[in-house]
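Results of the structural survey
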Amino acid sequence: MEHRIDAWLLLAVVGILGASLVTQHAVAEALGAQLLVRQLMWVCAGMLTLLVLSRIRLDLYARLAPVVYGVGLAGLVAVLLFGDVRSGTRGWFAVGPLTFQPSEFARLSTLLVVAAWLGRRSGGRLSIREASVVVALVGGAAALVAIEPDLGVTLTYLPVAVAGLWLGGLPRWTWIALVLLAVVAGGVTWNSVLKPFQKERVLTVLDPERDPYGAGYQVRQSKIAIGSGGFAGQGVGHGSQSLLRYLPAQHTDFAFAVWAEATGFVGVTALLLAYALMLYRIGMAGVLADTRHGVVLAILVASWLAFQVIVNLGMVLGWLPTTGITLPLFSYGGSSLLSTCAALGVVQSIWRHRLVNQ
Amino acid sequence: MEIREDLTPVRRRAVILLAAVFLIFGALHLRMAQLQLVQGLHWRRMAENNRLRRLPLSAIRGRIYDRRGEVLADNVPTWNLLLFPDEARHLDRTLLFVSSLGVEDAATLHRRLDERGIDRLAPLVVGENLDWRQVARVRAHQSDYPELSVVAGFRRHYPLGRDTAHVVGHLRLASREELDADPDLDPTSRVGATGIEALAEPFLAGRPGQRWVVVSAVGRQLGVVREESSAAGRDLGVTLDARLQRVAAAALGDRHGAVVALDPDSGAVRVMYSSPSFDPELFSGSLSQRDWQAVAEDPDHPLQNRCLQGTYPPGSTIKPFLAVAALSTGVVTPDWTVRCSGGITLYGHRFRCWQRWGHGVVDLTRSIEGSCDVYYYQIGQKLGIEGMAAWLGDFGFGRRTGIGLPAEADGLVGTPEWSRRVRGSPWYPGEAVSVSIGQGPVLVTALQLARGYAALANGGHLVTPHIVVDPERARTVDLELDPAVLAEVVHGLDLVVHGEHGTARSLARLPIAGKTGTAQVIRLQEGVDSNDLAPNLQHHAWFVGWAPVEDPKVVVALVVEHGGGGGSIAAPVAGTVFSAALSNRDGGHGALPPGE
């Protein structure tokens, strides 16, 4: 039996998208109106995708997952071979005026395949072999993104792997081992992978006044923008930080700061509540699902979106280094918006196929 | 019905995960409250004291040196006034203040403000070449108008001024198309407009940079956020001889005309002066509409470089080339003679010699020495118009020399085919008679003529004139002339200066070989004396030649517009240039720079 789609979830999504468009409109004067028009088109395409995917039967997502995962990997390989380079990252296909980012879609396909694989096995903790499969599925795709190299998108594969292992269940000692491994990996990354400008960003988090006009400049500007929003905000289109004297990325990575300056604590609270509502409804879809596949799939989506929201806000507030992770549904960007809407469509499908009265 | 598996453990883990997420959300929200509610005032004050500016860093343009290292184009420091319009509290008041400085009127400022792009961090250059009083006034009112900023810049300076205005060229503002094509340019960027400045633009121009700075509310710079440093352009050494250029300019004086001097072996340009000239620094600052109109609409066309844009009938200076043609093709021998009685009748029309009473019996060398027209009427008949055109083409007439400077003229060598195709009228046989003495449908530039004579001087090699040494472009074509033929013609050109009947006997003290020319602007009616003509109908006066005769070091081609006789007007001016060039060589200035 099938239920109606979750109106609360839809309401949260529409609310976030609305706030996003208001913000894009506020910066449109500086960045060109065509961005706003393009984002509107993406929003329409995203909503359509959401509604279409919510009609698909849940078990189909499990059965088709391997194929979708294969297509996702193929897209990542193709973009490495034939993609366009933008600011040093080979991660885009250009189709006319639109650009398409395969790494955003590959994450969704990875998520589907991990959920399908975990959903097939019965209860009990994961064996090391099984855990390795999860890590390999996520790591394979993430490695291809890391080659582009796109640090921000690569990092968003991390919650998929961690949440997958957590839901599958690992013996306690394995978690301890994993944390130790993460520390070692972090050390290696710091010494041999990160470029000087990336290290500078990390150091800036630890000491914001370290270089107020250099590496710390963006975050400092972001804090000034948020802080000067005050209680009720300066009004859309009036924030001096967002209008002028501000650095790039105000429509992508730092879009939240623009919103915060314009609408103040009131608007920030409303937006955070909308995100909380969205994650809560996704969680409900998961907890009420009647198959292991449904639970895992919904919680993986929730983990991924929560991770992006937390890391982006952490960055905007100066708690985390700037990594280029966008705010889902809010930052400008067609591929990210479309893949998020697709994931939410899948969640709606889980909600519609839940059992009641069990 | 299958037995439902127990989903409790996975649900429990899901709830734990969600709880963790909401915990972090709560922490984020608390942080927002701290920033916006507790510290809100503090941050708002920071916002007001926080302005980011993008300062353009202009690239210093490369200097231009002559062959001895004398500076032809330099940069001098200057003060420019920048306006950051978005920082202004009362933009109208600011614009009023700027216009009161006298750098720009308010209407123009408003128009430029409207045309500005969307880059809000970039300033508008509202004044250039500020004097110290203007700088002092801006500084005094700095706290009233923090959106104004005086910055140091550079202005192009041409030490030789009018003497090199055409050949060195000047700058102009970048056009809209150039701005669209090159993101490095801004609306106040200047690019080479003419002369060497245009020819060597990519070499001379550097790459501008920019610097993002944070300034306080009163315009004080707090720190540099990011900087892309500018790259200076490269200095350029050219083949010109500044000393000789000055002599040529002074020798020509107020007369309109052109002087070109080349190294006959390489084609390196030593002198290129066009008169009347103009002040090139007129274009270095912002040029007012009035100044521009005054220069552009001057009936004397001072902006035109007559050396390569002015085309004139060559007159008698064409004769040596036809002599080479006639000897080389064998239609005459050096001993062949003509009796000149002051004219000849061809096609039922009387063609006169300039020497009304005739030259008597004339052979080839004497025909050059005395510039006998009748001799060349006959040679022209023997060669035919096609033959003459082909040989003139070999010597480079009728097409650009390839010097690389903008707007070079082709000149013209008329043929029956040209007449049909371009002029759309039939060719008259009498026109060929005119061509044989350099009149009618044949037009040359001073540069073409200098190159042609360089070929006579250097043993028959047609060089490519150049100002910047460039091995790729400096092609030389061997015309494969018989040395005996050349020797015969050179002997005639020697006699022009040193023979007892030579038309340039006044220069006999100098080791020159050359040819005078008097090019008619209109055909003289029977019985009219050329001295009675109106000034703008007077003949053009030519002198073209080289020195020393046996060891040619310099070729000079000189035309004086409406000057009158080549021997009486052009030859003395050329003599001044030649003696300067020769004393140059003997004056112990040292060896020529390598590579020329």
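Here the structure is shown first, and the text comes after it.
Presented here is an overview of the structure given in this document.

Cut-off values and rules
- For every chain, the first residue of the written sequence is number 1, and numbering continues from 1 onward in sequence order.
- All chains are assigned letters beginning with A, and all ligands numbers beginning with 1, in the order in which they are written.
- Local features in this predicted model are restricted to residues of pLDDT 70 or higher, and side-chain atom pairs are both shown and tallied only at a pLDDT of 80 or more, whereas totals for entire chains, interfaces and linings draw on every residue.
- Secondary structure follows DSSP: runs of H or I at least 4 residues long count as helices, runs of E at least 2 residues long count as strands, and numbering of each begins at the N terminus.
- Any residue with 12 or fewer other C-beta atoms within 10 Å of its own C-beta is exposed, any with 20 or more is buried, and the rest are partly exposed; the C-beta atoms used are placed from the backbone.
- Residues are defined as contacting one another if the C-beta atoms placed from their backbone atoms lie within 7 Å.
- Orientation is described by axes fitted as lines to C-alpha atoms, over the contacting stretch for helices, and by angles from 0 to 180 degrees between their N-to-C directions.
- Note on convention: near helix rotated counterclockwise from far helix by under a right angle means a left-handed crossing. Clockwise means right-handed.
- When residues are sorted by character, Ala, Val, Leu, Ile, Met, Phe, Trp, Tyr, Cys and Pro go into the nonpolar class, Asp, Glu, Lys and Arg into the charged class, and all the rest, Gly among them, into the polar class.
- A strand pair is defined by DSSP finding two or more bridges across the two strands.
- Connectivity within a nonpolar core runs through C-beta atoms within 7 Å, and the core itself is a set of buried Ala, Val, Leu, Ile, Met, Phe, Trp, Tyr and Cys residues.

Let's shift gears to the overall build of chain B. For chain B, the count of helices and strands is 20 helices and 23 strands. Classification of the 596 residues of chain B by burial places 44% in the buried group. Considering only intrachain contacts with a sequence separation of at least 6, the fraction spanning at least 24 residues in chain B is 71%.

Here we come to the overall build of chain A. Counting its secondary structure elements, chain A contains 14 helices and three strands. A fraction of 74% describes how many contacts in chain A between residues 6 or more apart in sequence connect residues 24 or more apart.

This paragraph deals with the packing of helix H4 (residues 102-120) of chain A against helix H13 (residues 292-316) of chain A. All names here are of chain A. Remark: H4 packs on H13, axes separated minimally by 8 Å, with the N-to-C direction vectors making an angle of 145 degrees. For the element pair H4 and H13, the recorded crossing hand is right-handed. For the pair formed by H4 and H13, the contact residues are Leu111, Val114, Ala115, Ala116, Leu118 and Gly119 on the first element and Arg292, His293, Val296, Leu297, Leu300, Val301 and Trp304 on the second. In the contact of H4 with H13, the residues fall into ten nonpolar, two polar and one charged.

Residues and elements named next belong to chain A. On the basis of which strands lie adjacent, the open sheet formed by three strands has the order S1-S2-S3 and antiparallel pairing. In the strand order of this sheet, the two ends are held by strand S1 (84-86) and strand S3 (98-100), each with one partner. Taking each pair of neighbouring strands and ignoring which way they run, the sheet shows an average axis angle of 55 degrees. As paired elements, S1 and strand S2 (residues 89-95) share three bridges and run antiparallel to each other. Opposite Val85, over in S2, you have Arg90 as the bridge partner.

The interface is formed by 44 residues belonging to chain A together with 40 residues belonging to chain B. Elements that contribute at least two residues to the side of chain A that touches chain B include exactly helix H7 (158-168), helix H10 (217-227), helix H11 (240-243), helix H12 (255-288) and H13 of chain A. In terms of residue count, H12 of chain A provides more of the side of chain A that touches chain B than any other element does, ten residues in total. A breakdown of the residues in the side of chain A that touches chain B according to their chemical character gives 26 nonpolar, 15 polar and three charged.

A few words now on the sheet that holds strand S8 (residues 209-215) of chain B. Residue and element names in this part refer to chain B. The antiparallel open sheet is built from three strands, whose spatial order is S1-S8-S9. Two strands lie at the open edges of the sheet, namely strand S1 (51-57) and strand S9 (221-228), each paired on one side alone. The average angle at which neighbouring strand axes cross in this sheet is 25 degrees, direction not considered. Both S8 and S9 contribute to a ladder of six bridges, which runs antiparallel. Considered in S9, the bridge of Arg211 is made with Glu227.

Residue and element names in this part refer to chain B. You can see Asp279 is positioned in the loop between strand S12 (269-275) and helix H11 (289-296). With 16 residues separating them along the chain, Asp279 and Val295 place their C-alpha atoms 9.5 Å apart. In this structure, Asp279 is in contact with Gly161 and Arg162, ignoring residues within four places of it in sequence.

All names here are of chain B. With respect to the helices and strands, the residue Thr576 is situated in helix H20 (residues 566-586). With 15 C-beta atoms packed within 10 Å, Thr576 lands in the partly exposed category. In this structure the C-alpha to C-alpha distance between Thr576 and Ala248, which are 328 residues apart in sequence, comes to 7.6 Å. For Thr576, the residues in contact, after removing those within four places along its chain, are Val247 and Ala251.

This part covers the nonpolar core. Generally speaking, a soluble globular protein has its nonpolar side chains buried in company with each other. Counting 123 residues, the largest nonpolar core has Val259, Val260, Ala261, Ala450, Val555 and Val577 of chain B as its most contacted members. Not counting chain neighbours up to four residues away, the residues in contact with Val260 of chain B comprise Val271, Met272, Cys307, Ala446, Leu447, Ala450 and Ala557 of chain B. Grouped together as the second largest cluster of nonpolar side chains are 111 residues, Leu9, Ala262, Val311 and Ile350 of chain A included.

Further remarks concern unusual backbone geometry. The linkage connecting Glu148 of chain A with the following residue, Pro149 of chain A, adopts the cis geometry, with an omega of -5 degrees. Structurally, Pro149 of chain A is set in the loop between helix H5 (128-147) and helix H6 (151-155). Across the junction of Ser275 of chain B and Pro276 of chain B, the peptide omega takes the value 0 degrees, indicating a cis bond. The residue Pro276 of chain B is located in the loop between S12 and H11 in this model. Positioned with a positive phi, Asn129 of chain B is a non-glycine residue whose angle comes to about 55 degrees.

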